[in-house]
Amino acid sequence: MSAEQIAKKLWDLCNVLRDDGVTYHQYLNELTYILFLRLSEVKKFDQDIPEAYRWSKLKGLTDNKELFDTYRDLLANISKLSTNAAITEIYTNASTTLRKPVNLRTLITSIDQIDWFEDREKDKIATIYEELLEKNAGEKKSGAGQYFTPRPLINVMVDLMAPKVGERWNDPAAGTFGFMIAANEYLREKTDDYYDLSQKERDFQVNEAFSGCELVQDAHRLALMNAKLHGLESPIVMGDSMSELGKTFKNYDGVLANPPFGTKQGGERPSRDDFTIRTSNKQLNFLQHIYRSLRKDTGTARAAVVLPDNVLFEDNDGQKIRRDLMDKCDLHTILRLPTGIFYAAGVKNQRALLYPGQNRNRQHQESVVLRHAHQCPKLWQAYALWPGGL
């Protein structure tokens, strides 16, 4: 079975749970808990799971009520008993939305029967999980589209930024960690899956090169699992980049992000005191945060960020922040994006700002966009605005 077929099979299992009152978003959370146990066995990190809660133990329980009770006990206690930080965070405050033991049995049996590898034994588990994240984002009822950026757009932005081994990259609005996953894959392709690197360099790429911050616990949980399944032990903080916590995110070689848009509830301004212009506009605050978080000592730090059109044209605070951006950075490219490529409701005209540009030219960027045009034809059609001398 292909990754897409497996993802569809897993997603179709949601139909089993509708009678149990489970929503799409709740289902993905539930699936994350169960899938992680199965995949810990497949990817051979089940030693990090307490023995009583390992997949082999769960599927060996023949009584449905005993299985259900064990599963609920697992969700309540695994974060306290596991010594693995990612597992602890994934299962923090975990609880089940299932009410019928027979539905849990159906999920476990169906997941256990899936052939997780292609004929040539190429691991595709991480791809399957990303397919599920995308399906959840595309389901309007789930409300998860705001945490997921379409992969063709991510790939274009990563290629244009061209991460390098040894650099530190961050996403201050991590969502499901898609940007950092793509940056990791970009570098793996160029280094024979990191086998061209020394042990010290490999350890850095797996543990330190990519990081993120996510405010919403469910999205944070999905980001942790996504990173784990892609072989990363990245630090992904649950918190608010617009709070004092955000001041600690600094000296990055690069930032990739698609921050939330809109106005902070009640017109409240961020609690940080290091912003030049204080505003309740989320995207303007994230823009300030991003160019402040780049390192200033190399001249090669760079960022690509998706922002609504109004950031380019808004008066007052917007005008002041644009001037501050131009004073501090070399704004190299503005790439206009088409409507309809984002999953979240209400997203209209968006643009990707790429800055600062170091030794980049239009010919290189055209070739990158063309490379991904088959994935998202509208992206090439929208390739319109280049500031040139800015």
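The present account deals with the structure reproduced in this document. (Residues numbered from 1 in each chain as written. Predicted model: local features only at pLDDT ≥ 70, side-chain atom pairs only at ≥ 80, totals over all residues. Heavy atoms only, no water.)

Attention now moves to the overall build of the protein. The secondary structure content of the protein amounts to 17 helices and 7 strands. Classification of the 390 residues of the protein by burial places 56% in the buried group. In the protein, once contacts between residues fewer than 6 apart in sequence are set aside, the share between residues at least 24 apart is 74%. On the protein, roughly 17400 Å² of surface is accessible, and the fraction owed to carbon and sulfur atoms is 47%. (Helix = DSSP H or I, 4+ residues; strand = E, 2+ residues; numbered from the N terminus. Buried < 20%, exposed > 50% of the residue type's maximum accessible area, 1.4 Å probe, protein only. Contact = heavy atoms within 4.5 Å. Areas by Shrake-Rupley, 256 points an atom, 1.4 Å probe, with all protein chains shown as cover.)

Scanning the model with the defined rule gives 3 aromatic pairs in all. Where Phe36 meets Tyr91, the ring centres are 6.2 Å apart and the plane angle is 75°; that geometry is what we call edge-to-face. Within this pair, whereas Phe36 is found in helix H3 (residues 24–42), its partner Tyr91 is found in the loop between helix H6 (85–90) and helix H7 (101–113), the two being separated by 55 residues in sequence. A network of ring pairs unites the aromatic residues Tyr33, Phe36, Phe45 and Tyr91 as a single cluster. Positioned over the ring face of Phe45 is Lys228, at 4.9 Å from the centre of the ring. (Phe/Tyr/Trp six-rings, centres within 6.5 Å; stacked < 30°, edge-to-face > 60°. Lys NZ or Arg CZ within 6 Å of the ring centre and 35° of its normal.)

Here helix H13 (residues 282–293) contains 12 residues, and its C-alpha end-to-end distance of 16 Å stays within 8% of the 16 Å for a straight helix at 1.5 Å per residue. The element H13 is extensively covered by neighbouring structure, given that 11 of its 12 residues are classed as buried. For H13, the complete set of buried residues consists of Gln283, Leu284, Asn285, Phe286, Leu287, Gln288, His289, Ile290, Tyr291, Arg292 and Ser293. Between a side-chain oxygen at the N-terminus of H13 and the backbone nitrogen of Gln283 the separation is 3.1 Å; the capping residue is Asn281. (Expected span 1.5 Å × (residues − 1). Polar contact = N/O pair within 3.5 Å; in protein donor to acceptor, adjacent residues only side chain to side chain.)

In this fold, His220 is placed in helix H12 (residues 217–229). For His220, a relative accessible area of 3% gives the class buried. When residues no more than four places from it in sequence are discounted, the contact partners of His220 are Glu89, Glu214, Ile236, Val237 and Met238.

Moving on, we come to the side chain of Ser293. Within the secondary structure, Ser293 sits in helix H13. Setting aside chain neighbours within four positions, we find Ser293 in contact with Phe249, Lys250, Asn251, Tyr252 and Val255.

Glancing now at unusual backbone geometry. Although it is not a glycine, Tyr194 sits at a positive phi angle of roughly 75°. Along the chain, Tyr194 falls in the loop between helix H10 (178–190) and helix H11 (199–207). Judged by relative accessible area, Tyr194 falls into the buried class, the value being 2%. For Asn316, which is not glycine, the phi torsion reads 55° and is therefore positive. With respect to the helices, strands and loops of the structure, Asn316 is situated in the loop between helix H14 (310–313) and helix H15 (317–328).

Now for the nonpolar core. Leu10, Tyr91, Phe177, Phe210 and Leu256 are the most contacted members of the largest nonpolar core, which has 78 residues in total. It is H3 that contributes the most residues to this core, 10 residues altogether. Apart from residues no more than four positions distant in its own chain, Leu256 is found in contact with Met157, Val158, Met161, Trp169, Asn170, Asp171, Pro172, Phe179, Met180, Ala183 and Ala304. Counting 19 residues, the second-largest nonpolar core is a separate cluster that includes Phe249, Val255, Leu284 and Val311. (Core = buried A, V, L, I, M, F, W, Y, C linked by side-chain atoms within 4.5 Å.)

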